[in-house]
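# Observations on chain architecture
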Amino acid sequence: MQKMNLHVCALALLLFGSIATVRGRAMDLVDDSNDVDNSIEAEEKPRNRLIEADWLKFIKTPPTKMQQAEGATIEIVCEMMGSQVPSIQWVVGHLPRSELEDLESNQVAEEAPSAIVRVRSSHIIDHMLSEARTYTCVGRSGSKTIYASTVVHPARSSRFVPEKTYPGPQKPRIIYTEKTHLDLMGSNIVLPCKVHARPRAEITWLNNENKEIVQGHRHRVLPSGDLLISEIKWEDMGNYKCIARNAVGKDTADTFVYPVLKEEED
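Residues numbered from 1 in each chain as written. Predicted model: local features only at pLDDT ≥ 70, side-chain atom pairs only at ≥ 80, totals over all residues. Heavy atoms only, no water.

## Quick notes on the pairing of strand 6 (residues 116-125)
Remember that side chains alternate between the two faces of the sheet whenever the strand is regular. Judged by how many residues are buried, strand 6 sits mostly within the fold: 8 of 10 residues are covered. One ladder, built from 10 bridges, connects strand 4 (residues 74-83) with strand 6; its direction is antiparallel. Of the residues in strand 6, the one forming a bridge with Cys78 is Ser121. Direction of pairing for strand 6 relative to strand 9 (residues 170-184): antiparallel, over a ladder of 6 bridges. The residue of strand 9 that forms the bridge with Arg118 is Thr180. (Buried < 20%, exposed > 50% of the residue type's maximum accessible area, 1.4 Å probe, protein only. Helix = DSSP H or I, 4+ residues; strand = E, 2+ residues; numbered from the N terminus. Pairing = 2+ DSSP bridges.)

## Examining the nonpolar core
Membership of the largest hydrophobic core comes to 22 residues, with the highest contact counts inside it found for Ile76, Met80 and Val152. When residues no more than four places from it in sequence are discounted, the contact partners of Met80 are Leu56, Lys57, Phe58, Ile59, Ile88, Val117, Arg118, Val119, Cys137, Gly139 and Ile146. Of all hydrophobic cores here, the second largest spans 15 residues; its members include Ile174, Ile213, Ile232 and Cys242. (Core = buried A, V, L, I, M, F, W, Y, C linked by side-chain atoms within 4.5 Å. Contact = heavy atoms within 4.5 Å.)

## Examining unusual backbone geometry
With an omega dihedral of 0°, the bond running from Arg198 to Pro199 counts as a cis peptide bond. Positionally, Pro199 belongs in the loop between strand 11 (193-198) and strand 12 (202-206). Although it is not a glycine, Asn210 sits at a positive phi angle of roughly 65°. Tracing the sequence through the fold places Asn210 in the loop between strand 12 and strand 13 (219-221). Note on Asn210: relative accessible area 55%, which makes it exposed. Positioned with a positive phi, Glu231 is a non-glycine residue whose angle comes to about 45°. Considering the arrangement of structural elements, one finds Glu231 in the loop between strand 14 (227-229) and strand 15 (238-245).

## Observations regarding the pattern of salt bridges
Going through the model one piece at a time under the given rule, you end up with 6 salt bridges. The salt bridge involving Glu75 is made with Arg173; its shortest N-O contact spans 3.4 Å. In this pair, Glu75 is assigned in strand 4 and Arg173 in strand 9, connecting sequence segments 98 residues apart. Looking at Arg173, the relative accessible area reads 24%, which means it is partly exposed. As a salt-bridge pair, Arg133 and Glu131 come within 3.5 Å of each other at their nearest N and O atoms. (Salt bridge = Lys/Arg side-chain N within 4 Å of Asp/Glu carboxyl O.)

Worth remembering: the numbers are spatial, not functional.
Structure representation (structure tokens):
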């Protein structure tokens, strides 16, 4: 397979990755199919840069409204793609737009100016709501901030009843992962695998040959469950699978890693 430079890869992803062209608008429609775009893109803040401007787009926006069924666990999914390594966090409750744009991220920013990454995050509601509540997915990449909100309405029988977490064990759900990670050869990359489970899940990774990863000098599973690949090479290209298991069940998530050949300097 011919090695491609970063610009060619980015163009291919833009053409075939179904990237939504979201431009600062909101929708009030009830639609749980994710065909409705309810996202907001903040204006780019001035910033001195030696490289091209940051970009960040929703691939999948969460639904505008959801109705909770009695005893049901709700999963709200948000997916985006952008330059560097985009971060996603969830805000519970209504916040003004100005506060969302200035909100400090609870994710540690990864220094990866040459990367292009597609990130998936979900928020789990594992208790009965007593009132309608707003959940906002906030994404950041450098100077770009985008967000979209979902209002979740409680079951009629649980309104005004004290909220309690569902009792008993829960099977793992992988709530934060990357679908695609492109970066220059020689870069160090971290593939996240955050899990919601009770009891705590055990995390293992399979490499691009579908073999369990053994700790080594270039591939290492961190205490957090994330996978560190140091100084990525062309032979690292392929699919990596995170597996989360506990006594109740398991969940899996795939990340495709694409090492990119550095462009030759003129």
